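Each chain is listed here by its residues.
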Amino acid sequence: MSGHTALATASTAAKRKEARTVILSSYLGSTIEFYDFLLYATAAAVAFPKVFFAGTDEWVGVVAAYATFAAGYVARPLGGIIFGHFGDRIGRKGMLIVSMAMMGIASTLIGLIPGANVIGPWGAVLLVVLRVCQGIAVGGEWGGAALMALEHSDPKRRGFAASFVNAGAPTGAVLGTVVMGIFSALPQDAFLAWGWRVPFLLSFVLLIVGMFVRLRVSESPIFAEAVAKESAQGTKRKIPLLEVLRRPKALIMIMFAGAAGFGLQVVLPTFSVTYAVSKGAPQQGVLYAFAGASAISILFVLLGGKLSDRFGRRPIMVTGLALFILYLLPMFGMLSSGNIALIFLAFTVALILHSSLYGPLAAFVSEQFGTTNRYTGAAVGYQLATLIGAGFTPGIVAGLYKDSGQSIIPVVVFLSAMSVVSIVFILLTRESKNNDLSSVS
């Protein structure tokens, strides 16, 4: 072997090792962020209505708690704009460190908010403020984590690499649900007084672990190369958001293509948990059933990303959504059975179907933009999709259920209609698996 060949081989091995480190970092960071963000969803289903909205009708309290939940989704596009701007101007890595710190601190403080019996409505106000901080943080986290994984990976494995970021969501959901489930085993008075707070306070421990891992990765090579090229050519740096808005088609397509995936995703740990418990299932059993199903779905998220590298992003995503529409009515039938085994099966099948959409989504979104505005475009597009798809969906479906005399049919119709809209926009969006990521346009 010649010296040149040996150096090339060593360089390739080093790049692969670095790519694996970055993907692991993105996965762990995403897991921690979504532990914090989705833990709120579980708490909104089982604790917040009674802690911060005590004295109201049961389902009125649930709807009010989901309204505070929506505040985080309203804030996520703002996080995408802020972190995307600086991520496209000065680098991906620094923004990921800031977003993680912001999320960890906000989540810890949520665990310290006094209830309505101590400070009245101010508890709900503080809850909304900190939820907004969570939203801004996760709005910046996702784009950076997805791009770091995508831009470090082999072009033929981008879907699989980026899917690790989205796999962090069910992993975080598992951790959050298990921890909340453990404390929900406490007597009801103890759980509402302090038990629900402990999972939020544990966020600070996760923050320290996440920071240790995240500080060890290098900046995106594609981004560094693009910046160096612009500098060598004397090109004036443009404002990323204006560049994205100048050609808004990709943003609009992504927003509606991804909306249903987020709507279906968020209905499961919120309304579906509340629905199953209201039909007589034990609260702790339902939480563990969802956690177990989420754990299984992690592998299917990665499988969805891998399949999209072979068959394309669009065919895999459309298939998953179409099957989910057919599954909605049977799913709610199993959730209303009061049988934990059937509830576990309901959640498992739902999350497997959802994974075929969610796995390819990170690559699908990120590949629509050029390097110097990719963080902004991907983050804002993705977060706008979460806003219209997930931000208000728990409150809407809870309201439809309550106003219809607790009939599940309006909920199924609403979720099906949302899914059809996303299918149409996915089909209208160009296939992206072979796009050149080195483009700086």
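About the criteria used
Residues numbered from 1 in each chain as written. Predicted model: local features only at pLDDT ≥ 70, side-chain atom pairs only at ≥ 80, totals over all residues. Heavy atoms only, no water. UniProt positions renumbered as here; feature names shortened; annotations may be inferred. Helix = DSSP H or I, 4+ residues; strand = E, 2+ residues; numbered from the N terminus. Buried < 20%, exposed > 50% of the residue type's maximum accessible area, 1.4 Å probe, protein only. Contact = heavy atoms within 4.5 Å. Areas by Shrake-Rupley, 256 points an atom, 1.4 Å probe, with all protein chains shown as cover. Lys, Arg positive; Asp, Glu negative; His and termini not counted. Charge placed at Lys NZ, Arg CZ, Asp CG, Glu CD. Phe/Tyr/Trp six-rings, centres within 6.5 Å; stacked < 30°, edge-to-face > 60°. Axes fitted to C-alpha atoms, helices over the stretch in contact; angles between N-to-C directions. Parallel < 35°, antiparallel > 145°, perpendicular 65-115°, else oblique. Nonpolar A, V, L, I, M, F, W, Y, C, P; charged D, E, K, R; others polar. Salt bridge = Lys/Arg side-chain N within 4 Å of Asp/Glu carboxyl O.

Looking at an unreviewed UniProt entry, one finds the protein named MHS family MFS transporter, with Paenarthrobacter aromaticivorans as its source organism. Turning to the protein, the UniProt record has this under Subcellular location (unreviewed entry): "Cell membrane".

Turning to the overall build of the protein, a few remarks are in order. The secondary structure content of the protein amounts to 19 helices and zero strands. Reported as C-alpha extents along the three principal axes, the dimensions of the protein are approximately 70 × 45 × 45 Å. Buried positions account for 58% of the 441 residues belonging to the protein. In the protein, of all internal contacts separated by at least 6 residues, the share reaching a separation of at least 24 is 86%. Accessible surface computed for the protein: about 16,700 Å², of which carbon and sulfur atoms make up 71%. Looking at charge distribution, the protein has the averaged site of its 32 positive side-chain charges lying 6 Å from that of its 19 negative ones.

To describe a pair of aromatic rings, you give the distance between the ring centres and the angle between the ring planes. Evaluated as defined, the whole model comprises 18 aromatic pairs. Aromatic pair F262 and Y358: ring centres 6.3 Å apart, planes at 90°, arrangement edge-to-face. Note that F262 is positioned in helix α13 (residues 249-278) and Y358 in helix α16 (residues 340-366), a separation of 96 residues in sequence. Feature note: the residues F48, F52, W196 and F200 constitute an aromatic cluster, connected by ring pairs.

Moving on to the packing of helix α14 (residues 283-311) against helix α15 (residues 313-335). In the contact formed by α14 and α15, the axes pass within 7 Å of each other and the chain directions differ by 130°. In terms of orientation, α14 lies oblique with respect to α15. Contacts between α14 and α15 involve G304, G305, L307, S308, D309 and F311 from the former and R313, P315 and I316 from the latter. Of the residues in the contact of α14 with α15, the class split is four nonpolar, three polar and two charged.

Moving on, we get to the pattern of salt bridges. Between side chains of opposite charge, a pair can form when the charged atoms approach closely. Under the counting rule described, the total for this entry stands at nine salt bridges. Note that E151 is salt-bridged to R92, the shortest N-O span being 2.9 Å. Here the residue E151 occupies a position in helix α6 (residues 122-152), and R92 occupies one in helix α4 (residues 92-110), the gap between them amounting to 59 residues. For the pair shown, E151 and R92 are each scored as buried. Salt-bridge contacts for R158 lead to E367; the nearest nitrogen and oxygen are separated by 3.0 Å. Pair noted here: R158 is in helix α7 (residues 158-184) and E367 is in the loop between α16 and α17 (374-391), with a separation of 209 residues, a long-range link. Assessed through its relative accessible area of 4%, R158 is described here as buried. Note on E367: relative accessible area 2%, which makes it buried. Connected through shared salt-bridge partners, D88, R92, E151 and R374 make up one network.

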